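Letter by letter, the chains look like this.
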Amino acid sequence: MLTPASSTRSPPPFPERRGRVCRAHFLRNLLTRVPKSAGPFVATLVRSIFAQPDSAAVHAQFDRVADQLAERFPPAAEMLAEAGPDILAFTSFPQPHWRQIWSNNPQERLNKEIRRRTDVVGIFPDRPSVIRLVGMVLAEQHDEWAVVRRYMSPESLAKARLEVIEGEAVEEVRGELVAAS
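On a predicted model such as this, the values are computed, not experimentally measured, just so you know.

### Notes on the packing of helix α1 (residues 23-30) against helix α4 (residues 74-87)
Argument step 1. The geometry of α1 relative to α4 is characterised by a closest axis approach of 11 Å and an angle of 165° between their N-to-C directions. With respect to α4, the axis of α1 lies roughly antiparallel. In this structure, the crossing between α1 and α4 has a hand that is right-handed. Judged by residue contacts, Phe26, Asn29 and Leu30 of α1 engage Ala76, Met79, Leu80, Ala83 and Ile87 from α4.
Argument step 2. Broken down by class, the residue content of the contact of α1 with α4 amounts to 7 nonpolar, 1 polar and no charged.

### A few points about the packing of helix α6 (residues 105-121) against helix α7 (residues 127-147)
Argument step 1. Interaxial distance between α6 and α7 falls to 10 Å at its minimum, and their mutual angle equals 140°. When the interaxial angle is binned, α6 and α7 end up oblique. The crossing of α6 and α7 is right-handed. Between α6 and α7, the contacting residues are Pro106, Arg109, Leu110, Glu113, Ile114, Arg117, Thr118 and Val121 on the first element and Leu133, Val134, Met136, Val137, Leu138, Glu140, Gln141 and Trp145 on the second.
Argument step 2. Its residues assigned to classes, the contact of α6 with α7 shows 10 nonpolar, 2 polar and 4 charged.

### Let's talk about α6
Argument step 1. Compared with the 24 Å implied by 1.5 Å per residue over 17 residues, the 25 Å span of α6 between its first and last C-alpha is a close match.
Argument step 2. For α6, the full list of buried residues reads Glu113, Ile114, Arg117 and Thr118. Seen end-on, α6 carries its buried residues on one side only, within an arc spanning 125°. For α6, exposure combined with an orientation more than 90 degrees from the buried face picks out Lys112, Asp119 and Val120.
Argument step 3. Tucked into the core, α6 has its buried residues touching α7.
Argument step 4. Two residues or fewer past α6, Gly122 is found with a positive phi of approximately 85°.

### Points about the environment of Asn105
Argument step 1. Along the chain, the position of Asn105 falls in helix α6.
Argument step 2. Remark: the alpha-carbon pair of Asn105 and Ala24, spanning 81 residues in sequence, is separated by 9.9 Å.

What counts, and at which threshold
- Residues numbered from 1 in each chain as written.
- Predicted model: local features only at pLDDT ≥ 70, side-chain atom pairs only at ≥ 80, totals over all residues.
- Heavy atoms only, no water.
- Axes fitted to C-alpha atoms, helices over the stretch in contact; angles between N-to-C directions.
- Helix = DSSP H or I, 4+ residues; strand = E, 2+ residues; numbered from the N terminus.
- Parallel < 35°, antiparallel > 145°, perpendicular 65-115°, else oblique.
- Left-handed = near helix turned anticlockwise from the far one by under 90°.
- Contact = heavy atoms within 4.5 Å.
- Nonpolar A, V, L, I, M, F, W, Y, C, P; charged D, E, K, R; others polar.
- Expected span 1.5 Å × (residues − 1).
- Buried < 20%, exposed > 50% of the residue type's maximum accessible area, 1.4 Å probe, protein only.
- Arc of directions from axis to C-beta.

Worth remembering: the numbers are spatial, not functional.
So this is what it looks like as structure tokens:
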């Protein structure tokens, strides 16, 4: 039985952290806000956001699409505006990583595998047995991704970690970098 005090939701533990939104699932949810006959038009508009070559173009196209939707479908435009930071979060990463980042498919596959394995067992005798099984699945998936399937190459991840330092280059440092490469 819920009491009035227990029926209220507590605030999220990290309010500044935004959730990751898969663009396919977002689009599916957005299309519920428009008439069925306008679905293909709206879907094409929203997909055009992700077909841009760089971050500035993605954000500019997002603004244009939001303006177009606001004229004909205000509820959809409102939903798009609210989700903007989440669905555009991939643009803060290097462009070669966008295809891997804008989808949650690997995470969804992992969750599906955990669900499949726990469904086979059915009822667990205690909490540590659940933790052992899920931990084993996670370790197995980690090993598979580390060795067999590289989602992102170590070289591209290293490039993503580089920070550009503004200012003039010092010749000593430049020489050391050339010698190191």
